Amino acid sequence: MALFKKILIANRGEIAVRVERACKDLGIKTVAVYSEVEKDAMHVKMADESICIGPARAAESYLNIPSILSAAEITDSEAIHPGYGFLSENPQFAEACKKSKITFIGPTPENIRLGGNKAKAKQVMRKNGIPVVPGSDGAITDRKLIEKLCSKIGYPVILKASAGGGGRGMRVVHAAPQLEQALSAAEAEALAAFGNGEMYVERYIPRMRHVEVQIAVDNEGTAIHLGERDCSVQRRHQKLIEESPSPAINERTREKLGKFAIKAAESLKYRNVGTIEFILDSDDNIYFMEINTRVQVEHPVTEMVTGVDIIKEQIRLASGLPLSIKQKNVRFKGHAIECRINAEDPYTFAPSPGKITFLYLPGGPGIRVDTYIHAGTTVLPYYDSLIAKVIAYGCNRKETIERMRRALSEFQIEGIKTTIPFHKTVLSNPDFLSGKFDTGYLERVNAAGQ
Ligand code: MV4
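Residues numbered from 1 in each chain as written. Predicted model: local features only at pLDDT ≥ 70, side-chain atom pairs only at ≥ 80, totals over all residues. Heavy atoms only, no water.

### Considering the site of the ligand
Now for step 1: Lys160, Glu202, Arg203, Ile205 and His237 are the nearest of the 14 residues found near the ligand.
Now for step 2: Within the side chain of Glu202, a nitrogen or oxygen atom sits 3.0 Å from a nitrogen atom of the ligand.
Now for step 3: In the model, a nitrogen atom of the ligand is placed 2.7 Å from a nitrogen or oxygen of the Ile205 main chain.
Now for step 4: Those elements that place two or more of their residues in the shell around the ligand are β6 (157-161) and β8 (199-203).
Now for step 5: Per-class residue counts for the shell around the ligand are 8 nonpolar, 3 polar and 3 charged. (Near = heavy atom within 4 Å. Polar contact = N/O pair within 3.5 Å; in protein donor to acceptor, adjacent residues only side chain to side chain. Helix = DSSP H or I, 4+ residues; strand = E, 2+ residues; numbered from the N terminus. Nonpolar A, V, L, I, M, F, W, Y, C, P; charged D, E, K, R; others polar.)

### Topic: the state of the cysteines
Each disulfide consists of a covalent bond between the sulfur atoms of two cysteine residues.
Now for step 1: This model, assessed by the stated rule, comprises 0 disulfides.
Now for step 2: Distance from the sulfur of Cys23, which forms no disulfide, to the nearest cysteine sulfur (Cys97) is 15 Å. (Disulfide = S-S within 2.5 Å.)

### Quick word on the sheet that holds strand β14 (residues 335-342)
Now for step 1: An order of β13-β12-β9-β10-β11-β14-β19-β17 is seen for the 8 strands of this open sheet, with the pairing classed as antiparallel. In this open sheet, the two strands that pair with only one neighbour each are β13 (286-292) and β17 (367-371). Neighbour to neighbour, the strand axes of the sheet diverge by 25 degrees on average, direction disregarded.
Now for step 2: The strands touched by helix α12 (residues 397-410) within the sheet are β11 (238-244), β14, β17 and β19 (386-394), with β19 carrying the most contacts at an inclination of about 140 degrees. (Pairing = 2+ DSSP bridges. Axes fitted to C-alpha atoms, helices over the stretch in contact; angles between N-to-C directions. Contact = heavy atoms within 4.5 Å.)

### Re helix α3 (residues 65-74)
In an α-helix there are 3.6 residues to a turn, and that puts residues three or four apart on one side.
Now for step 1: Listed as buried for α3 are Ile65, Ser67, Ile68, Leu69, Ala71 and Ala72.
Now for step 2: Against β1 (6-9), β2 (29-35), β3 (49-54), β4 (79-81) and α4 (91-99) lie the buried residues of α3.
Now for step 3: The opening residue of α3, the one whose side-chain oxygen lies 3.1 Å from the backbone nitrogen of Ser67, is Asn64.
Now for step 4: The first or second residue beyond α3 is Asp76, which carries a positive phi of 60 degrees. (Buried < 20%, exposed > 50% of the residue type's maximum accessible area, 1.4 Å probe, protein only.)

What follows is the structure in structure tokens.
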């Protein structure tokens, strides 16, 4: 079994740069793809070869399957790394790669399809003895049955779209009289957003924490986990800060999370790297939430505390090599926190594209910056507003927070607005410092007018 000689990266921005770095470390040649407005982008400069795949609009370029497959064929690329977003969780794309004899660096099309059907994934988990939030067994359509079930579960309940994500098609229902209307609205929203109005229902868990476990599986089915990430600092279903280990759980809960994640990977016949997301309630009860079948934005925090290069691992596994590390040799050391820096207004979170006229990136002990920007970069309005990730590492949470504060104060950027001031505020918030955040925290504080 040998590594690929050349990989095409079907993405842009910081993740394309991140994948190129892993390829360089592995001695693999890279092909960048770019839209007409990104020929001078960092991910293009850093690649060995590059190829234009279409106009600015993502639907015509970074989401254009025929164009990307042609680019791979023309350049003799043996594999495609999809990054996150775009085509990374598109089962048709993974299948099309297979048909073209190009390795899709990621899980199987079947894994991706199940990950995209949240009601089904939950049903499979429950069948395999992994705890799930009490609710419907899979998707549910019959109005009368839903009503009955909700009364049995007890209000409040939460309606979720099977094809959901990003909070769309989601409704909290506080009492029976609101159910009918909420259901219709959520269904319509899901249908419009995903072309699928299928819903499932579960008990509403107040003050839930979002804790996810990184997994890696080789082509033989051997699975390991690389510990958890706590992603409870969210706003409108967008993660803003992630950290590992979770400041909110004890060793017993941590061990359970790892065991459940491995069991999930095995019962799904999962391959390559992925993430099992869990809901934790205020009594530390664990419930499976969903499976993410891509590498995630927040993967660096796991890399910092385990020393495992997740992108390298992903590429090695896709080429058929075994895991580079056994579970018993995975060591968790220190603490890592990631702040997502977006080109957005730090108070309203409205996008703030434009030209960066001055830039100084932070550094020094324990600081890693994953980014594609430089002085002169124009942050484009067509794509994700994430411009950089600042990852701080320290021997414990306190040192990590101190280093993150230092890094944010060093970060100098002019020409666009960024979320750096928001992060500075959170990093001095007493509830964040004591690890007391839950996923609803920012919305509650905001509703209180603070
Ligand atoms: C929940 C929940 C309470 N109970 N599930 C899922 C995706 C994530 N972004 C928010 N999600 C939630 N799932 C159960 N069983 C609470 C949330 C949630 C939320 C839901 C609706 C509106 C705003 C919310 C803010 C934070 C968390």
